[in-house]
Amino acid sequence: MPPKTEIASGVSKEPSKNKGGATIVSIQKNLNSRYKAGLVTDGFNGPKTKSALIKALQNELNKQFNKKFVVDGKWGAKTKAAIVTVEKGAKGNLT
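Residues numbered from 1 in each chain as written. Predicted model: local features only at pLDDT ≥ 70, side-chain atom pairs only at ≥ 80, totals over all residues. Heavy atoms only, no water.

Participant: Tell me what's going on with the environment of A52, and back it up with residues and numbers.
Facilitator: Tracing the backbone shows A52 in helix α2 (residues 47-65). Residue A52 is classed as buried on the basis of its relative accessible area of 11%. Sequence separation of A52 and G73 is 21 residues, and the distance between their C-alpha atoms is 6.2 Å. Discounting chain neighbours no more than four positions away, the residues touching A52 are L31, A37 and L39. (Helix = DSSP H or I, 4+ residues; strand = E, 2+ residues; numbered from the N terminus. Buried < 20%, exposed > 50% of the residue type's maximum accessible area, 1.4 Å probe, protein only. Contact = heavy atoms within 4.5 Å.)

Participant: Any chance you could break down the side chain of T49 for me, citing the residues and the numbers?
Facilitator: As for its position among the elements, T49 is in helix α2. Looking at T49, the relative accessible area reads 4%, which means it is buried. Engagement of the side chain of T49 in a polar contact is seen with the backbone oxygen of F44, the distance being 3.4 Å. Among residues more than four places away in sequence, those in contact with T49 are Q28, L31, L39 and F44. (Polar contact = N/O pair within 3.5 Å; in protein donor to acceptor, adjacent residues only side chain to side chain.)

Participant: Would you mind going over α2 in detail, with residue names and values included?
Facilitator: With 19 residues, α2 should reach 27 Å at 1.5 Å per residue; the first-to-last C-alpha distance of 26 Å fits that figure. Buried residues of α2: T49, A52, I54, A56, Q58, E60, L61 and N62, and no others. The secondary structure elements touched by the buried residues of α2 are α1 (22-35) and α3 (77-82). Two residues or fewer past α2, N66 is found with a positive phi of approximately 50 degrees. (Expected span 1.5 Å × (residues − 1).)

Participant: Got a sec to walk through the packing of α1 against α2? Specific residues and values, please.
Facilitator: Relative to each other, α1 and α2 sit at 45 degrees, their axes nearing to 11 Å. Between α1 and α2, the angle is such that the two are oblique. The chirality of how α1 crosses α2 is left-handed. Counting all contacts with α1, which are made through I27, Q28, L31, R34 and Y35, the residues of α2 involved are T49, A52, L53, A56, N59 and E60. Residue composition of the contact of α1 with α2, grouped by class: 6 nonpolar, 3 polar and 2 charged. (Axes fitted to C-alpha atoms, helices over the stretch in contact; angles between N-to-C directions. Parallel < 35°, antiparallel > 145°, perpendicular 65-115°, else oblique. Left-handed = near helix turned anticlockwise from the far one by under 90°. Nonpolar A, V, L, I, M, F, W, Y, C, P; charged D, E, K, R; others polar.)

Participant: Could you give me a rundown of the pattern of salt bridges, with the residues and numbers involved?
Facilitator: Evaluated as defined, the whole model comprises 1 salt bridge. K63 serves as the salt-bridge partner of E60, at 3.6 Å between the closest nitrogen and oxygen. Within this pair, E60 and its partner K63 are both found in helix α2, separated by 3 residues, close to a single helical turn. Residue classification places E60 among the buried residues on the basis of a relative accessible area of 10%. (Salt bridge = Lys/Arg side-chain N within 4 Å of Asp/Glu carboxyl O.)

Shown next as structure tokens:
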């Protein structure tokens, strides 16, 4: 086995496993605040964050467009078909 090549002291070629993205942290905080998602704000877009995003979308589709979804956090044909296209310049309660 060839020896490891050190890049610099404390620096590795692999992305950090303990730091997440600031944008994802912001999204997680928003989901926790607005939808009581109970997410750990770690900055990772893992399965719980993805499910919480879909639940938020389903909630908004129910609230704003009376879609009558079962809010299950699963992306399926019904959720996909219910997506409302919002055009540039649209006005109203857009969340």
